[in-house]
Amino acid sequence: MENSIVNKFLVGKKIAGGCFGEIFSGTNIVTNEEAAIKLENVKTTKYPMLSYESKVYKHLQGGTGIPNIKWFGVQGDYNVLVMDMLGPSLEDLFNFCGRKFSLKTVLMLADQMIDRVAFVHSKSFVHCDIKPDNFLMGKQQQYSSNCNITNNNPLYSSSQLLIYNPTFEREIKKLTGTARYASLNIHLGIEHSRRDGMESTGYLLMYFLRGSLPWQGLEGRTKKEKFERISEKKVSIEALCCGYPTEFADYFYYCRSLRFEDKPDYAYLKRLFSELVKQKGFQLDYVFDWTVTECQQVKIDAPSSRTLDPTAGTSSRIRPANQYVDLQSEPEVDQVSEMQVLCPEGCLFMKCRRGYTFCYNCGAHLIDHYCRKCKHQKMVVLMEPLVGNKFRLGKKICSGSFAEIYLGTNIGTDEEVAFKLENLKMKYPQLLYESKVYTISTRRK
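Figured I'd write up the structure that's included with this text. (Residues numbered from 1 in each chain as written. Predicted model: local features only at pLDDT ≥ 70, side-chain atom pairs only at ≥ 80, totals over all residues. Heavy atoms only, no water.)

1. Describing the overall build of the chain
Here is step 1 of the chain: Broken down by element type, the chain carries 10 helices and 19 strands.
Here is step 2 of the chain: Relative to its 445 residues, the chain shows a buried fraction of 46%.
Here is step 3 of the chain: Contacts spanning at least 24 positions in sequence make up 58% of the contacts within the chain whose residues lie at least 6 apart.
Here is step 4 of the chain: For the chain, the exposed area adds up to about 23,500 Å²; of that, 51% sits on carbon and sulfur atoms. (Helix = DSSP H or I, 4+ residues; strand = E, 2+ residues; numbered from the N terminus. Buried < 20%, exposed > 50% of the residue type's maximum accessible area, 1.4 Å probe, protein only. Contact = heavy atoms within 4.5 Å. Areas by Shrake-Rupley, 256 points an atom, 1.4 Å probe, with all protein chains shown as cover.)

Below, the structure is given as C-alpha cells:
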C-alpha cells in the first residue's frame, strides 16, 4: 500500500501492524498535512472492527484530546480509517525520562487525564484498558502539551471502548484490559463502570510517581493465580501510597467508595491535585520532565578555517548524525544549533552511545542519560547539522551505492524535505547531473 493514494491521502511508510490491522503514516496531497492511516483487510480479518471503531470516534469527536477522524471508507480489499497523527505515548516518554516522573509532571498529567476519562464517560462509554500506552501527547508543537486518549496504541483502536449501562451490574468471565492497571472490582469479576476507569487512572499516576507498582513482576503457575496475587497486593492503599502526598491515598479511598452506578465527582478529584499543586508552589506551565527547557539556535556562519572535528583535514557544514557531543569539551558551539537540558546539580555531561530518541516538542534528536554523580535525569545533546543555513538534517531513510537519503526540515517554515547526499570521492558522481534533470523537468511544467 505504500505510495498509493487513499481518498486524498498519500500512504507513506508502515508504522506498525498485527492481527488487528496495519497503520501507515500519510500525507494530505492538498494541504500537506500529516495523518495516520489504518488499514484492515476485509478478506483476511475474521472479525472486522474498523467500521465500528470509526463510529465510536465520530461519536466522541469534538472533545479535547480525542483524535480527529479525517476520512473512513473502503478502498479495494481494505477498510481505511484516516485520523490525526499523534506524538509519543506516556509510556514512551516515561522510558525517555528514566522511568520516573517528577511530582509536578504527574500532577499536570493528572489534571488532563481525569478530564479525558470524564469526557469518554460523558458520552456513555467506559474505557476498559486505561494504561500509559493509550495516552499520547500531541505531535505538533502547538499541541505538544495536550494529552490525547486512545486505545491499543499505536493503532488508536477503540475496540476497548464499551457502551456503559448503569442500570445493572453483572459478572464478567475473565479480566479485560491490562492486569497491572485494572481496578480491584475488575479482579473480582465485576463489569466495568465509571469508578473503574478512575481507579485505573490512579494506578497510572502512582506508576509514574514511583517508577513501578508493587505488584509488577509477580508470577503464578497459571494466569488466574498470577491475577489473584496481583489483586491481593492492590488491596492495601497504604502500602501503595506510603511516602507520597496523602492526596493520592484520598483519591483511591474515594474511587473505591463508589458504587457500580455512581457517577464520580471529577471536580473533587481534580481539586485534590490542584490544591497539592498550590501547596507545593508549582506552576501549571505545562513544562513537563521531557520538555527541553533551554533551546538556543545559533545561525551557522560561513565555513571557517576551524573544523568541528580536530582530526578532520577540512571544515564541514554537516556533522555526522551519529556523533554525540560532550558539552564541556566541545568549543565549537558557534558552528551548530545547540539544544540542551542542564542537570539540576550542574554536573558535567558525559558522552553516551545508548541510542537516540526523538523530541516531539521541538524536533531535536536527544539522548537520555542519568547523571552518575547525582542520579538526576538529563539529556546529552546530539548537535543538529544544518545544510544551506536553513535546512535541518534529520535521520537517515535509506542508502545504497548511489547515495544516502535523509529526512530534513526547513527551520524557517517547518516544511519537510528530503536530502540526498553523495560523497565527492565516488568514482562516478551523478547527483549534479540528476539535479539538472530535475531543474529542466520543473521548468517544462
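2. Thoughts on the packing of aromatic side chains
Here is step 1 of the chain: Going through the model one piece at a time under the given rule, you end up with 15 aromatic pairs.
Here is step 2 of the chain: Ring centres 5.0 Å apart and planes at 40° place the aromatic pair phenylalanine 101 and phenylalanine 208 in the tilted group. Here phenylalanine 208 lies in helix α5 (residues 194–210) and phenylalanine 101 lies in the loop between α2 (90–96) and α3 (103–122), a separation of 107 residues in the sequence.
Here is step 3 of the chain: Judged by relative accessible area, which is 0%, phenylalanine 208 ranks as buried.
Here is step 4 of the chain: A ring pair is formed by tyrosine 203 and tryptophan 215, whose centres lie 5.4 Å apart and whose planes are at 85°; its orientation type is edge-to-face. Taken as a pair, tyrosine 203 in helix α5 and tryptophan 215 in the loop between α5 and α6 (223–234) lie far apart in primary sequence, 12 residues in all.
Here is step 5 of the chain: A connected cluster of aromatic rings, assembled from ring pairs, spans Phe94, Phe101, Tyr181, Tyr207, Phe208, Tyr286, Phe288 and Trp290.
Here is step 6 of the chain: The positively charged end of lysine 234 is found above the aromatic ring belonging to tyrosine 203, 5.0 Å away from the centroid. (Phe/Tyr/Trp six-rings, centres within 6.5 Å; stacked < 30°, edge-to-face > 60°. Lys NZ or Arg CZ within 6 Å of the ring centre and 35° of its normal.)

3. Let's talk about the nonpolar core
Here is step 1 of the chain: Ranked by size, the top nonpolar core spans 70 residues in total, and within it Leu90, Phe101, Phe135, Phe208, Phe248 and Trp290 carry the most contacts.
Here is step 2 of the chain: Among the elements that line this core, the one with the most residues is α3, at 11 residues.
Here is step 3 of the chain: Setting aside anything within four residues of it in sequence, one finds phenylalanine 208 in contact with Leu90, Phe94, Lys100, Phe101, Val106, Leu109 and Pro132.
Here is step 4 of the chain: Membership of the second largest hydrophobic core comes to 9 residues, among which are Val11, Ile37, Val80 and Val82. (Core = buried A, V, L, I, M, F, W, Y, C linked by side-chain atoms within 4.5 Å.)

4. With respect to α5
Here is step 1 of the chain: With 17 residues, α5 extends 25 Å from end C-alpha to end C-alpha; this agrees with the ideal 24 Å at 1.5 Å per step.
Here is step 2 of the chain: Of the residues trailing α5, glycine 211 is marked for its positive phi of about 100°. (Expected span 1.5 Å × (residues − 1).)

5. Examining the pattern of salt bridges
Here is step 1 of the chain: Counted according to the given criterion, the structure contains 15 salt bridges.
Here is step 2 of the chain: Across the pair lysine 70 and glutamate 33 runs a salt bridge, and its minimum N-O distance is 2.9 Å. A residue pair is termed long-range when its members are at least 10 positions apart, and lysine 70 in strand β5 (residues 69–75) and glutamate 33 in the loop between β3 (21–28) and β4 (34–41) qualify at 37 residues.
Here is step 3 of the chain: Assessed through its relative accessible area of 26%, lysine 70 is described here as partly exposed.
Here is step 4 of the chain: The partly exposed category is assigned to glutamate 33, whose relative accessible area is 38%. (Salt bridge = Lys/Arg side-chain N within 4 Å of Asp/Glu carboxyl O.)

6. A short note on unusual backbone geometry
Here is step 1 of the chain: Even without being a glycine, arginine 99 presents a positive backbone phi close to 60°.
Here is step 2 of the chain: As for its position among the elements, arginine 99 is in the loop between α2 and α3.
Here is step 3 of the chain: The backbone of tyrosine 286 shows a phi angle near 55°, a positive value even though the residue is not glycine.
Here is step 4 of the chain: Of the residues examined, tyrosine 286 reaches a relative accessible area of 32% and is grouped as partly exposed.

7. Regarding the side chain of serine 25
Here is step 1 of the chain: On the secondary structure map, serine 25 appears in strand β3.
Here is step 2 of the chain: Ignoring sequence-local partners within four residues, the contact set of serine 25 consists of Leu10, Val11, Gly12, Lys13, Ile15, Ala35, Ile37 and Met85.

8. A look at the pairing of β4
Here is step 1 of the chain: Burial of β4 is extensive: 7 of the 8 residues sit out of reach of the surface.
Here is step 2 of the chain: The hairpin turn running from β3 into β4, its antiparallel successor, is 5 residues long, and asparagine 32 in that turn takes a positive phi close to 65°.
Here is step 3 of the chain: As judged from the 7 bridges shared by β4 and strand β6 (residues 78–84), these two strands associate in the antiparallel manner. Bridge pairing in β6 places asparagine 41 opposite tyrosine 78. (Pairing = 2+ DSSP bridges.)

9. Points about the packing of α3 against α5
Here is step 1 of the chain: Packing of α3 against α5 brings their axes to within 10 Å, and their N-to-C directions diverge by 160°. In terms of their interaxial angle, α3 and α5 are classed as roughly antiparallel. Where α3 crosses over α5, the handedness of that crossing is right-handed. In contact with Leu103, Val106, Leu109, Ala110, Met113, Ile114, Val117 and His121 of α3, α5 contributes Arg194, Gly197, Met198, Thr201, Leu204, Leu205, Phe208 and Leu209.
Here is step 2 of the chain: Among the residues forming the contact of α3 with α5, the class breakdown is 12 nonpolar, 3 polar and 1 charged. (Axes fitted to C-alpha atoms, helices over the stretch in contact; angles between N-to-C directions. Parallel < 35°, antiparallel > 145°, perpendicular 65-115°, else oblique. Left-handed = near helix turned anticlockwise from the far one by under 90°. Nonpolar A, V, L, I, M, F, W, Y, C, P; charged D, E, K, R; others polar.)

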